[in-house]
Amino acid sequence: MMRALTNSHFPVAIIGGGQAGLAISHCLKQRGIENIVFEKNKIAHSWRSKRWDSFCLVTPNWQCTLPGYPYPGSDPNGFMQRDEIVRYIEDYAKSFQPLLKEGVTVSKITKPENVFEIDTSIGHYVADQVVVATGGYHTPKIPRMAEKLPQEILQLHSSEYKNPGTLPDGTVLVVGTGQSGCQIAEDLHLAGKQVHLCVGGAPRSPRTYRGKDVVDWLDQMGYYDMPIDDHPQKDSVRKKTNHYVTGRGGGREIDLRQFALEGMRLYGKLKHIHGEQLEFEDNLSHNLDQADAVAESIKRTIDTYIEKNQLDAPIEPLYQAVWQPETSLLSLGLKTADISTIIWSTGYHTDFSWIDIPVFNGEGYPGHVRGVTTAQGLYFLGLPWLYTWGSGRFSGIARDANYLADCIALKNRVLPRQLNHSVNAVALGS
């Protein structure tokens, strides 16, 4: 039995058992194409283990449209919390019983001839085609300046933060204002922690505007159907930081100026660390203004759409900034501020070093068109802006998975092969 499992030849091997890997497995099963899914941990691992306790989606539940399994709950306009998201993915896997191997690490993929050779922690596999569905957030990105901090300071990446109660006494410095940074800062702030926040260049989004959630407006306007080739920023949009907003409490905006009024301390981008002293760039006002400008730009786009289509929608007053920094604070002493914890909300590096096939650019990003690479039979799925805004999210994965499944099916018909093993040899989660 072990020899049969570790030397199997599959039509398609899928690397990654998150929503992307499960989605393509479902689509292939619908087309009668046998496939195996390798998952390094457990399915939904990132949602389960790399999100904080109060985490929730920032897009409404109705956008959760995995292939053959749209959001099944009773609150389509709500925002699922972490544990609900995990159950959604687990229930999805149960709904179609993929051939899934959990706890299996894929250490190397090569293509010496016409098939792919796959080295895993349970042995060697061969596949005619391979889908890499591991997403784009692999290794926590923490700047080297972190090495200069005193050892008594607890340092966490945002993926390690769970809740305020797990942190030591003292104040907290959050570095970075993407979605995770702002939401973690809010979580700490609402728990009564003194928070110091380094504000970067991330844009913010309104939550609701003129009677609707902004996501509803953008969907109605066709933004989520826009392919990357039609986006004004083209490929560069893949590197842009996500807009900060939250689904917490039924969904609301995150206005850092309001937090400042309530006692949160805001600074510009972290520039240097000199022993006990932190130095910041003099760009707090600029970064706040730019974030507001993006939010107002989104509103103007919605205004234009409403006027063009003569829609009946309530008018809202113009945004008024509730707080302005009188002077930028350019330095802070760790001891003076009683900082005991620093949370780095500074993103991730991608790591595809285990794929020994020449399809990557100088930055390690795979060259592809809608997930199809120049190496015949190698595909990528679940990357941010693989094709549309929703490619790395629940909302767009079905479109991408169905497209790749069609590409795989076409090649599979051209090169049929006799299967040499039984699907029944491996059970779900074995």
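Structure's up top.
Within each chain, residues carry numbers counting from 1 in the order of the written sequence. Only residues with pLDDT of at least 70 get local features here, since the model is predicted, and only at 80 or more are side-chain atom pairs given and counted; chain-wide, interface and lining totals rely on the full set of residues. The side-chain figures draw on all heavy atoms in the structure; neither hydrogens nor water molecules are used.

*Asks:* Explain the sheet that holds strand E15 (residues 265–267) to me, please; I cannot follow it from the model alone.
*Replies:* Judged by pairing direction, the sheet is parallel, and its five strands sit side by side in the order E10-E19-E11-E12-E15 without closing on themselves. Two strands in the sheet have a free side with no partner beyond their single neighbour: strand E10 (154–157) and E15. Direction aside, neighbouring strands of the sheet carry axes that sit 20° apart on average. For two strands to be treated as a pair, DSSP must find no fewer than two bridges joining them. Helix and strand definitions follow DSSP, with helices as H or I runs of at least four residues and strands as E runs of at least two, each counted in order from the N terminus. With four bridges connecting them, strand E11 (residues 171–175) and strand E12 (residues 195–198) associate as parallel partners. Each residue of the ladder has a partner; that of Val172, found in E12, is Val195. Under this scheme, a helix contributes an axis fitted over its contacting stretch, all axes are lines through C-alpha atoms, and angles between N-to-C directions fall in the 0 to 180 degree range.

*Asks:* Which parts of the structure should I look at to understand the packing of aromatic side chains?
*Replies:* The description of an aromatic ring pair uses the distance of the two centres, along with the angle that the planes make with each other. Centre distance within 6.5 Å is the pairing criterion for rings of Phe, Tyr and Trp, where only the six-membered ring of Trp is used; planes under 30 degrees apart are then read as stacked, over 60 as edge-to-face, and the remainder as tilted. Under the criterion given, the structure shown has 18 aromatic pairs. Aromatic side chains Trp47 and Phe394 sit 5.5 Å apart centroid to centroid with 15° between the ring planes, which places their arrangement in the stacked category. Separated by 347 residues along the polypeptide, Trp47 in helix H3 (residues 45–49) and Phe394 in the loop between strand E21 (378–380) and helix H9 (397–414) bring together distant segments of the chain. Between buried and exposed lies partly exposed: a residue is buried under 20% and exposed over 50% of the maximum accessible area for its type, with that area taken using a 1.4 Å probe on protein chains only. Using a relative accessible area of 6% as the deciding quantity, one classes Phe394 as buried. Between Tyr223 and Tyr224 the ring centres are 5.7 Å apart and the planes differ by 70°, which places this aromatic pair in the edge-to-face class. Residue Tyr223 is classed as partly exposed on the basis of its relative accessible area of 24%. On the basis of relative accessible area, Tyr224 is assigned to the buried category, the value being 8%. Ring pairs connect the aromatic residues Trp47, Trp52, Phe55, Tyr69, Tyr88, Tyr92, Phe96 and Phe394, which therefore count as one cluster. A cation over an aromatic ring shows up here: Arg51 above the ring of Phe55, its NZ or CZ 5.3 Å from the ring centre. Charge-over-ring contacts are defined here by two conditions on Lys NZ or Arg CZ: a distance within 6 Å of the ring centre and an angle within 35 degrees of the ring normal. In this structure, Arg370 packs its charged tip against the face of Tyr387, placed 3.6 Å from the ring centre.

*Asks:* Sorry if this is basic, but what is going on with the sheet that holds strand E16 (residues 270–274) here?
*Replies:* In sheet architecture, strand pairing relies on hydrogen bonds along the backbone and comes in two forms, parallel and antiparallel. In space, the three strands of this open sheet follow the order E16-E17-E18, with antiparallel pairing throughout. The two strands at the open ends of the sheet, each matched to only one other strand, are E16 and strand E18 (331–333). Across this sheet, the average inter-strand angle for adjacent strands is 20°, counted without regard to direction. As paired strands, strand E17 (residues 277–280) and E18 are joined by three bridges and run antiparallel to one another. Across the sheet, residue Leu278 finds its bridge partner in E18, namely Leu332.

*Asks:* For this particular structure, what's the right way to read helix H5 (residues 179–190)?
*Replies:* The periodicity of an α-helix, 3.6 residues per turn, causes residues three or four positions apart to be oriented the same way. Between its first and last C-alpha, H5 extends 16 Å over 12 residues, near the 16 Å set by a 1.5 Å rise per residue. For H5, a buried count of nine out of 12 residues is recorded, marking the element as mostly surrounded by other parts of the structure. Looking only at H5, the buried set comprises Gly181, Cys182, Gln183, Ile184, Ala185, Glu186, Asp187, Leu188 and His189. Note on contacts: a residue pair is in contact if any heavy atoms of the two residues lie within 4.5 Å. Next to the buried residues of H5 lie E11, E12, helix H7 (256–261) and strand E19 (339–344). Just downstream of H5 lies Gly192, where phi reads positive at about 90°. By this rule, a helix spans an expected 1.5 Å times one less than how many residues it contains.

*Asks:* How do you make sense of the environment of Ala185 when you look at a structure like this?
*Replies:* Here Ala185 lies in helix H5. For Ala185 and Leu330, which are 145 residues apart along the polypeptide, the C-alpha to C-alpha distance reads 20 Å. If near-sequence neighbours (up to four positions away) are discounted, Ala185 is found in contact with Val174, Val195, Leu197 and Met264.

*Asks:* It is not clear to me how unusual backbone geometry should be interpreted in this structure. Could you clarify?
*Replies:* Most peptide bonds adopt trans geometry, and most residues besides glycine take a negative phi value. For Lys234, which is not glycine, the phi torsion reads 50° and is therefore positive. For Lys234, the position within the fold is in the loop between helix H6 (214–220) and H7. Positive phi outside glycine occurs at Asp338, with the angle close to 60°. Within the secondary structure, Asp338 is located in the loop between E18 and E19.

*Asks:* Before we go on, may I ask you to explain the pairing of strand E6 (residues 106–110) in this structure?
*Replies:* Looking along a regular strand, one sees the side chains alternate between the two faces of the sheet. Looking at chain direction, E6 and strand E7 (residues 116–120) are connected through four bridges and run antiparallel. Within the sheet, the bridge partner assigned to Thr110 lies in E7 and is Glu117. Hairpin geometry of E6 and E7 is characterised by an intervening segment of five residues between the two adjacent antiparallel strands.

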